[in-house]
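# Secondary and tertiary structure notes
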Amino acid sequence: LAGRGPDRRGVGVAAARPHLLDAPGRGAMMIAIVALAVACGWAVWQPLRSENADAAAVNAFAAGHAGAAIGDARAAATADPVAIDPLLELSAIYTATGDQQAARQEVREAVVRQPENPQAWLALGQFELQARRPRAALPALERAKQLDLGSPVISQALAQARAQSGA
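Residues numbered from 1 in each chain as written. Predicted model: local features only at pLDDT ≥ 70, side-chain atom pairs only at ≥ 80, totals over all residues. Heavy atoms only, no water.

### A few points about the packing of helix α4 (residues 100-113) against helix α5 (residues 118-130)
It is the contact of α4 with α5, at a shortest axis distance of 8 Å, that shows an interaxial angle of 160°. Classified by the angle their axes make, α4 and α5 are roughly antiparallel. Both α4 and α5 take part in a crossing whose hand is left-handed. Of the residues in α5, those in contact with Q100, A103, R104, V107, R108, A110 and V111 of α4 are A120, W121, A123, L124, F127 and E128. Tallied by class, the residues present in the contact of α4 with α5 amount to nine nonpolar, one polar and three charged. (Axes fitted to C-alpha atoms, helices over the stretch in contact; angles between N-to-C directions. Helix = DSSP H or I, 4+ residues; strand = E, 2+ residues; numbered from the N terminus. Parallel < 35°, antiparallel > 145°, perpendicular 65-115°, else oblique. Left-handed = near helix turned anticlockwise from the far one by under 90°. Contact = heavy atoms within 4.5 Å. Nonpolar A, V, L, I, M, F, W, Y, C, P; charged D, E, K, R; others polar.)

What follows is the structure in C-alpha cells.
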C-alpha cells in the first residue's frame with residue numbers, strides 16, 4: 001500500500017459504493033452487455049434448433065412418416081431463415097411423395113435465400129435435370145459454374161444439361 005497516501009476515511013469506515021442511478025452510463029453499459037449476450041445466445045441457438053429439426057425430419061421420413069417429416073423440415077426452415085439445407089430436405093421429401101411442384105418451389109426458395117451460393121443453384125439445376133427439363137437446368141447450372149469455377153460436380157451437371165438439351 002506504499003504510495004497510496006494517508007487514508008482520510010479513518011479506520012473501519014467503508015468506502016461508499018456508487019449506485020447505478022448515480023451513474024446512468026454504467027447502467028446503460030450493463031444493459032447493453034446483457035442484450036449482447038442474449039443476442040449472441042439466440043444467434044447460436046437458432047441454427048442449432050434448425051439442425052435438430054432437420055435431423056428429426058430425416059428420421060421421420062426414414063421411418064415412413066412423410067407428414068411429420070414435412071412439418072419438421074418446415075420448422076427447421078423457419079428456425080434458421082438463412083439456411084438452405086432444410087429447404088433442400090423439403091424438396092427431396094416432396095419429390096419422394098410425388099409433389100414435383102412443391103419440390104421445385106422449395107429449391108427455388110433456396111436460391112432466393114442464398115443467391116450467391118453455388119450449391120443452391122446446383123440443386124436447382126439438378127432438380128430440373130431429374131425432372132427431364134435440361135433447358136430449364138442450363139441457366140441454373142451456368143450460374144452455379146460462375147460462382148464456383150473449379151467444381152467438377154457442377155461441370156459434369158452442366159455438360160449433361162448441354163448434351164440433353166442439344167446446346
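### Examining the nonpolar core
Counting residues in hydrophobic clusters, the biggest one holds 31 residues, and the most contacted among them are W121, L122, L124, L129, L141 and A161. Elements with a minimum of two residues in this core: α1 (24-62), α2 (66-79), α3 (85-97), α4, α5, α6 (134-147) and α7 (152-165). Discounting chain neighbours no more than four positions away, the residues touching L141 are L122, G125, Q126, L129, I154, A157, L158 and A161. (Core = buried A, V, L, I, M, F, W, Y, C linked by side-chain atoms within 4.5 Å. Buried < 20%, exposed > 50% of the residue type's maximum accessible area, 1.4 Å probe, protein only.)

### Re the pattern of salt bridges
For side chains of opposite charge, pairing can occur when their charged atoms come near one another. All chains considered together, the criterion is met by seven salt bridges. Here E128 makes a salt bridge to R108, at a shortest N to O gap of 4.0 Å. Highlighted residues: E128 in helix α5 and R108 in helix α4, separated in sequence by 20 residues. E128 gets classed as buried once you look at its relative accessible area, which sits at 2%. Exposure remark for R108: the relative accessible area of 40% places this residue in the partly exposed category. The partner of E116 in a salt bridge is R143, and the shortest N-O contact between them spans 3.2 Å. Linking E116 in the loop between α4 and α5 with R143 in helix α6, this pair joins segments that are 27 residues apart in sequence. By relative accessible area, which is 56% here, E116 ends up exposed. Several salt bridges converge on common partners, so that one network encompasses R104, R108, E128 and R133. (Salt bridge = Lys/Arg side-chain N within 4 Å of Asp/Glu carboxyl O.)

### Topic: the layout of surface pockets
For the largest pocket, the calculated volume is near 240 Å³. In terms of lining, the largest pocket is formed by L88, S91, A92, T95, V107, Q119, L122, A123, Q126, F127 and Q130. The set of elements that each furnish at least two residues to the lining of the largest pocket consists of α3 and α5. Take the lining of the largest pocket: its biggest share by element is six residues, from α5. (1 Å grid on protein atoms, 1.4 Å probe; cavity = no way out; pocket = protein on both sides within 12 Å on 5 of 7 lines; lining within 4 Å. Points joined across faces, edges and corners; volume = space filled by probe spheres on them.)

### A word on α2
Here α2 contains 14 residues, and its C-alpha end-to-end distance of 20 Å stays within 8% of the 20 Å for a straight helix at 1.5 Å per residue. Of the residues making up α2, those classed as buried are A69, A73, A76, A77 and A79. Projected down its long axis, α2 carries its buried residues within an arc of 165°, all on one side. Turned more than 90 degrees away from the buried face of α2, the exposed residues are G67 and T78. (Expected span 1.5 Å × (residues − 1). Arc of directions from axis to C-beta.)

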